[in-house]
Structures are given as structure tokens and as C-alpha cells.
Amino acid sequence: MTTRRGFLLALGSIAAGDALAQLPPNIAALRQAALDEGVRKVTGGAQVRPGKVKLDIPPLIDNGNTVPLTVTVESPMTEADHVKAIHVFTEKNPQPFVIGAHLGPRAGRAKLATRARIADTGKVIAIAEMSDGSFWSDTVSVVVTLSACLEDGLI
Amino acid sequence: MRIALAILAFLLLTAEIPLAERRSGYEFMGRETRAMQDDDTTNPALLWVLDGEALFKSNCSSCHADLKGVAARYPKAGVSLDQKINHALKSKFAYESRELLALTAYVAKQSKGMPIEMEWNEANRPFLERGRATFFRRQGQLNLACAQCHDDNWGKQLAGSVIPQAHPTGYPIYRLEWQGLGSVQRRFRNCLIGVRAEPYAYGAPEYVELEMYLMWRARGMKLETPAVRP
Amino acid sequence: MAARVVVNVPATAKRGEVIEIRTLAGHEMETGFRRTDRGVLIPRDIITRFVCTYNGVEVFSADLHPAMAANPLISFTTIATESGTLEFKWTGDNGYSATQSAAINVT
């Protein structure tokens with residue numbers, strides 16, 4: 001339980017100039033920059049084209065802490081033509097990178113299922129890296145709802 | 001006569017949910033969250049159930065082969081399932097510890113699919129009556145009773161979430177909000193904090209009485225442990 | 001309690017069949033962005049890497065970030081090539097390491 005004393009102490013630490021505890025005013029621009037930077041890290045600046053990738057994720061999310069998602073990529077998954085990696089990003093997280101999965105022809109199918117944290121309503125992006133060096137993507141907009149009755153402790 | 005009518009009108013206003021209209025919280029969840037509960041290989045509560053199985057083997061199996069059906073009959077006379085387990089182990093584990101949750105989940109899972117049996121008998125009656133009184137008592141800075149949300153307004157939205165009927169069919173639950181397993185008492189804490197009331201301490205008789213009343217309210221519904229809830 | 005990990009691999013498969021593998025690791029995946037009610041930052045503590053080998057050959061790996069949900073689920077596919085053992089390894093912050101293996105009979 002947050003005691004009055006505890007609350008005042010916490011307030012004090014913010015007032016003392018703990019800037020990290022507050023959101024910077026240009027948060028949208030910073031998030032976009034972080035997302036662009038994350039994507040650039042995996043693509044090396046190569047063009048990412050929409051297509052070949054299918055991102056399955058609920059459009060309306062019960063709770064952003066655990067969001068099931070599945071990525072499938074159209075590919076014959078042969079030695080000559082296969083998916084090398086699948087990367088998942090979210091637009092609104094403090095750090096956009098969720099997972100980078102590395103696979104190859106032995107996977108048989110290009111399919112990855114996992115669960116992500118999604119901080120807020122926004123875009124989720126899956127990017128596939130092919131063996132020919134090309135990048136393909138699928139982007140889905142999701143709405144995150146929050147639980148009504150939470151508990152004390154963490155902020 | 002007039003007084004009797006007034007009482008009747010009051011009872012109708014705060015009517016309990018008819019048995020046939022009762023719905024598990026499962027039915028109010030999205031398709032993906034239901035799938036997470038249904039798939040035994042990916043339900044994250046499995047991690048606790050496996051721990052519970054190991055703890056059961058080392059702590060309980062010298063006396064009990066299994067405890068199938070037991071969770072459907074608890075709480076009993078003011079003692080909850082986790083309290084009963086912990087009493088048998090000489091209070092080895094703390095409330096809400098990973099070990100106690102794991103053991104409780106493992107034991108309760110053995111009753112999965114069985115109907116909840118809660119009888120309004122002499123042994124249970126004083127606890128059930130106090131539990132019901134808690135359910136209908138307005139409390140907290142928001143001055144709300146459990147019944148106002150969960151009897152009178154279930155199915156409607158509270159902010160982004162649907163208000164469920166508050167049937168404790170799947171505890172301990174993996175709550176996505178918690179990112180872990182928790183007991184019905186932890187869930188009660190969340191409700192109390194939600195209406196800005198001071199929560200009781202873990203193990204308080206008020207929690208067990210309320211759980212008993214909710215189990216009576218959910219009598220005949222099937223146990224789902226370990227359930228997943230948002 | 002010790003780190004709990006679970007893998008789900010079919011016990012038998014036909015040669016050339018694509019099999020689905022599901023893995024769960026018990027881990028809070030503390031993001032490093034949360035604070036206590038007194039405003040103290042909770043340090044990051046996550047699983048950062050997952051690797052699956054099939055008879056000693058790596059067939060799948062993943063890099064995990066704080067945006068992975070707690071108790072991470074990773075599900076992927078591989079071709080059943082021969083009988084043997086699949087090994088799974090999770091590693092992360094603060095020396096976290098967990099392993100699990102599963103036998104497969106390929107006919």
C-alpha cells in the first residue's frame with residue numbers, strides 16, 4: 001500500500017529533478033526515431049516492402065502485457081530461397097524491438113508465434129529478411145485496453 | 001404489507017443473477033486469451049502447475065495420491081484451499097508465495113471440469129452470511145458494493161474492460177495484468193483498491209468468507225483452474 | 001525455486017514432416033522501465049537469447065528484448081530429419097541460464 005509518507009517521498013524524488021520519471025514533451029518524435037533506428041539495425045538501411053509477411057495479432061487487445069502474435073511468411077524454405085530472420089517491432093514501447101528470430105531451410109515453414117508487451121494503441125510491424133537480401137513486412141494497427149482494477153506497488 | 005412490498009422491491013433491484021444466466025469470466029474474454037487458457041502446452045500457468053507437481057511429490061504424496069475433487073468443495077467452514085494446504089504443511093509457505101500458488105494450482109487443476117459444490121449448510125452458514133454481507137456492503141471512497149458491478153452491471157464496460165460476473169471458477173489464475181499466477185485474495189485486493197477501500201491482509205477471514213459466498217453463487221459451474229484472465 | 005522451462009515436441013514424426021515446437025520459460029522479463037511506489041527504478045532482468053539445436057546443429061535461435069511478455073512463449077517449426085535429441089537453451093541477464101531437451105523418434 002502506498003503510505004502517505006511513501007507517496008510524499010516519491011513526489012520528492014520527482015521534484016528533486018528525476019527527469020527520467022517524466023515523459024519528454026516530444027515523445028511521439030522520439031518513439032518514431034527509436035522505431036526507425038531499430039528497423040535500420042536489422043535492415044542496414046535496405047528498403048522494406050509490404051507483402052509476403054502475415055502478422056496475426058488481435059486488433060483489440062485484452063491486456064497489453066501479454067499479446068499473442070503469429071508471423072507467417074510466404075517462402076518455399078529451400079536452400080536457395082528461404083526466410084533468414086523474422087523481426088517484430090512495436091511503435092509505442094520505450095524500446096520497440098520485441099524479438100528477432102533466426103531460421104533457415106530446416107524450419108520447413110516460416111512461422112513464429114510468441115507473446116509481446118504492447119504499451120499502447122498503435123502499430124505492430126513484422127519484418128522478414130529473405131535469403132536474397134530483400135526485406136518484406138506486414139503492419140497491423142492494434143487497440144490496447146487496460147484492466148479496470150489494478151493493484152498498488154509498481155508505477 | 002407496504003413494508004413487505006418495499007422489501008420485495010429492494011430485493012428485485014439488487015437481484016442475484018439467475019442460475020441460467022451465469023457466465024464464467026472466460027466468456028467475456030477475447031478469442032486469443034481464451035485460446036491461451038485452453039491450450040495446455042502454452043497456458044503460462046503450466047509453469048506453476050509443474051512446480052506444484054514437484055512440490056506435491058516431495059511434500060504431500062506420502063499421505064495423498066491425489067486430491068481430485070477437493071478444490072470443488074473449498075473453501076470449507078472458513079478455510080480456503082491454500083490455507084488448508086499450508087496448514088497441512090505446518091504453514092511452511094507465505095501467502096501468495098510461488099510455492100503455495102504452485103501447490104494450490106496443481107491441486108485445483110485435478111478438479112478441472114468438475115462442478116463447484118458449495119452447500120449452504122450449518123457448518124458453512126455463518127461464513128456464507130458474512131460473505132454475502134461483504135458482497136452487498138458499500139465500501140471505499142467510491143462507496144461501491146461488489147454487487148453493484150458484478151450483479152447489476154455485468155456485461156457492461158468499465159473503461160476498456162467488460163465487467164464479469166465475478167465467479168471464482170479458475171483460481172489461482174494467470175492474470176495477464178499480473179504477468180503471473182495469483183490467488184482470489186490478490187484479485188479481491190485489486191477490486192478493493194479499485195473502489196479505493198483499504199484491502200484486508202492476506203488470509204483475513206473477510207476474504208475467505210467472500211470467496212465462500214462467491215463459490216456458493218457459482219455452485220454447479222465448472223472449475224477451470226488454471227484459468228487465464230486479462 | 002529453480003528456473004522452470006517447458007518444451008513441447010512431438011515424440012514421434014515421419015521423416016520430412018514439419019513439426020511444431022512450443023517452448024515456455026518461467027521468467028519475469030523485468031523491463032528496466034518500471035519503478036517501485038517510491039520511484040526507484042527496477043533494473044532490467046530479462047532472457048536475451050534462445051537457441052534450439054537438433055542433434056547438435058542449430059536450427060533456430062532468437063534474440064529477446066524487454067518487449068517480450070513475461071514467461072516468454074516461443075513457438076517455431078523444424079523438419080523432422082532423423083531420430084535424436086533437440087536441445088533448448090535460454091540465457092539472459094544476471095547469469096540466467098536454463099536448458100531442456102526432448103527426444104524425437106523419426107520413422
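Trainee: I'm lost on the overall build of chain B in this one. Help?
Mentor: Helix and strand counts for chain B come out as nine helices and five strands. Listing each helix as α and each strand as β along chain B from the N terminus yields α-α-α-α-α-α-α-β-β-β-β-α-α-β. Along the first, second and third principal axes, the C-alpha set of chain B runs to 65 × 40 × 35 Å. Counted over contacts in chain B with a minimum sequence separation of 6, partners at least 24 positions apart contribute 69%. Surface exposure of chain B reaches about 10,700 Å², of which carbon and sulfur atoms provide 57%. Averaged over its 30 positive side-chain charges, chain B has a centre that lies 2 Å from the centre of its 25 negative ones.

Trainee: Looking at this model, I keep getting lost on the confidence of the model for chain A. Mind explaining?
Mentor: The predicted coordinates of low-pLDDT regions are not to be read in fine detail. Of all residues in chain A, 79% have pLDDT values of 70 or greater, and the mean over the chain is 86. Taking the mean pLDDT of every element in chain A, the minimum, 58, falls on helix 1 (residues 4-15) of chain A and the maximum, 98, on strand 2 (residues 53-56) of chain A.

Trainee: I'm lost on the pattern of salt bridges in this one. Help?
Mentor: Pairs may arise between side chains of opposite charge once their charged atoms sit close together. Overall, the coordinates contain 20 salt bridges over all chains when judged by the stated rule. The residue Glu224(B) makes a salt bridge to Arg229(B) at a minimum N-O spacing of 3.1 Å. Residue Glu224(B) is classed as buried on the basis of its relative accessible area of 12%. Among the salt bridges present, the one from Asp93(C) reaches Arg44(C), with a minimum N-O distance of 2.9 Å.

Trainee: Quick question: what am I supposed to make of the packing of aromatic side chains here?
Mentor: Aromatic ring pairs are reported here in terms of the distance separating the ring centres and the angle at which the planes meet. Residues and elements named next belong to chain C. Evaluation of the coordinates by the stated rule reveals 17 aromatic pairs over all chains. Taken together, a centroid distance of 6.3 Å and an interplanar angle of 20° make the contact between Phe50 and Phe88 stacked. One end of the pair, Phe50, is in strand 4 (residues 47-54); the other, Phe88, is in strand 7 (residues 84-92), with 38 residues separating them in the sequence. The buried category is assigned to Phe50, whose relative accessible area is 0%. Taking the relative accessible area as the measure of exposure, Phe88 reaches 1% and is therefore buried. The interplanar angle of 5° and the centroid separation of 4.0 Å between the aromatic rings of Phe60 and Phe76 together place this pair among those described as stacked. Pair noted here: Phe60 is in strand 5 (residues 57-64) and Phe76 is in strand 6 (residues 73-79), with a separation of 16 residues, a long-range link. On the basis of relative accessibility, which here comes to 3%, the residue Phe60 falls in the buried class.

Trainee: Looking at this structure, I do not really get the layout of surface pockets. What am I missing?
Mentor: One number sums up the size of the second largest pocket: a volume of about 1,100 Å³. At the level of secondary structure, the elements contributing two or more residues to the lining of the second largest pocket comprise strand 3 (60-61) of chain A together with helix 6 (125-136), helix 7 (146-150), strand 1 (157-158), strand 2 (161-162), strand 3 (173-175), helix 8 (184-194) and helix 9 (205-217) of chain B. In terms of residue count, helix 8 of chain B provides more of the lining of the second largest pocket than any other element does, six residues in total. Grouping the amino acids of the lining of the second largest pocket by side-chain chemistry returns 31 nonpolar, 12 polar and five charged.

Trainee: Please explain empty space enclosed by the protein as it appears in this structure.
Mentor: Counted according to the given criterion, the structure contains two cavities of 30 Å³ or more. Taken as a whole, the largest cavity holds about 240 Å³ of empty space. Along the wall of the largest cavity there are 20 residues; nearest its centre are Leu81(B), Thr104(B), Tyr171(B), Pro172(B) and Glu211(B). Of all the secondary-structure elements, those providing two or more residues to the lining of the largest cavity are helix 4 (81-88), helix 5 (98-109), helix 8 and helix 9 of chain B. Considering every element that reaches the lining of the largest cavity, the biggest residue donor is helix 5 of chain B, with four residues. When grouped by side-chain class, the residues that make up the lining of the largest cavity number 13 nonpolar, five polar and two charged. Of the voids in this model, the second largest cavity is the one considered here, and its volume is about 70 Å³. Every residue lining the second largest cavity is listed: Pro58(A), Leu60(A), Ile61(A), Asp62(A), Asn63(A), Thr66(A), Val67(A), Pro68(A), Gly30(B), Glu32(B) and Thr33(B). Listing elements by their share of the lining of the second largest cavity, those giving two or more residues are strand 3 and strand 4 (67-73) of chain A together with helix 2 (31-38) of chain B.

Conventions and cut-offs
Residues numbered from 1 in each chain as written. Chains lettered and ligands numbered in written order. Predicted model: local features only at pLDDT ≥ 70, side-chain atom pairs only at ≥ 80, totals over all residues. Heavy atoms only, no water. Helix = DSSP H or I, 4+ residues; strand = E, 2+ residues; numbered from the N terminus. Contact = heavy atoms within 4.5 Å. Areas by Shrake-Rupley, 256 points an atom, 1.4 Å probe, with all protein chains shown as cover. Lys, Arg positive; Asp, Glu negative; His and termini not counted. Charge placed at Lys NZ, Arg CZ, Asp CG, Glu CD. pLDDT = per-residue confidence, 0-100. Salt bridge = Lys/Arg side-chain N within 4 Å of Asp/Glu carboxyl O. Buried < 20%, exposed > 50% of the residue type's maximum accessible area, 1.4 Å probe, protein only. Phe/Tyr/Trp six-rings, centres within 6.5 Å; stacked < 30°, edge-to-face > 60°. 1 Å grid on protein atoms, 1.4 Å probe; cavity = no way out; pocket = protein on both sides within 12 Å on 5 of 7 lines; lining within 4 Å. Points joined across faces, edges and corners; volume = space filled by probe spheres on them. Nonpolar A, V, L, I, M, F, W, Y, C, P; charged D, E, K, R; others polar.

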